[in-house]
Amino acid sequence: MTDYVIEKGDIGIGVNKLQAYLNMMQEKGYIQTSNLQDGVFGNRTVAAVKEWQQYANLPMSGIIDEKTWDSLINKLREMQIITNIPLASRSYFLSNGQQGLSVFKMQEYLNEIAAVNKCLRPIPIDGLYGPMTVTAVQQFQYLYDLKIDGIIGKVTWDSIINERNALPF
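From a predicted model like this one, the values you see are computed outputs, not experimental measurements. (Residues numbered from 1 in each chain as written. Predicted model: local features only at pLDDT ≥ 70, side-chain atom pairs only at ≥ 80, totals over all residues. Heavy atoms only, no water.)

Remarks on the overall build of the protein
1) Next: On a plain count of helices and strands, the protein comes out with six helices and zero strands.
2) Next: Counting from the amino terminus, helix and strand elements in the protein follow one another as α-α-α-α-α-α.
3) Next: In terms of overall dimensions, the protein is globule-like: its C-alpha atoms have a radius of gyration of 15 Å, near the 15 Å expected for 169 residues.
4) Next: The dimensions of the protein, computed from C-alpha atoms along their principal axes, are 40 × 30 × 30 Å.
5) Next: Taking all contacts inside the protein whose residues are at least 6 apart in sequence as the whole, residues at least 24 apart take part in 59%. (Helix = DSSP H or I, 4+ residues; strand = E, 2+ residues; numbered from the N terminus. Rg over C-alpha atoms; globule rule 2.2 N^0.38 Å. Contact = heavy atoms within 4.5 Å.)

Now the structure itself:
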């Protein structure tokens, strides 16, 4: 279990993706509340998260913890939905020095991909975007023919998510 969470008041790429995933759940009828995909975790996002948590039989905290995030992603995989959701802002990205649930999950996903693709090395899953994460992202970018900058922007984010979601269960 991670101590990292996405909660009311947070902004960024992780929130934007969360809102897009929640909107997919709303479109499928699992929850009622739709979100603006603005990357800002406000009252509507809290309401949608609580609805999802109720659906997933999780504590209704309105906070995205690891179990809530995993339940959303696993439902998408179960529905065979490979996400490639555009971002609301080109300025949302993950890079060296950042920390949080978004970094933690990207590290986890990179390690899941590395378990299948032996050209990638596993990295510590600590939620801190440090030198080892930068190197892992650069390796991923090289192998998947992306711009090699060690930054998880829109294209790299979507590539990591799509590769992870395409892995066999």
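Structure shown, so let's carry the discussion forward.
Regarding the environment of isoleucine 148
1) Next: With respect to the helices and strands, isoleucine 148 occurs in the loop between helix H5 (131-143) and helix H6 (154-166).
2) Next: Here the alpha-carbon distance between isoleucine 148 and threonine 135, two residues 13 residues apart in the chain, equals 9.9 Å.
3) Next: Among all residues touching isoleucine 148, those that are not within four sequence positions of it are Gln138, Gln141 and Tyr142.

Quick look at the side chain of serine 159
1) Next: Within the element layout of this structure, serine 159 appears in helix H6.
2) Next: Given a relative accessible area of 19%, serine 159 falls into the buried group.
3) Next: Setting aside residues up to four positions removed in sequence, serine 159 forms contacts with Phe140 and Leu146. (Buried < 20%, exposed > 50% of the residue type's maximum accessible area, 1.4 Å probe, protein only.)

Notes on the side chain of threonine 156
1) Next: Inspection of the secondary structure puts threonine 156 in helix H6.
2) Next: The residues touching threonine 156, leaving out its near neighbours within four places in the chain, are Val137, Phe140, Gln141, Leu146 and Ile151.

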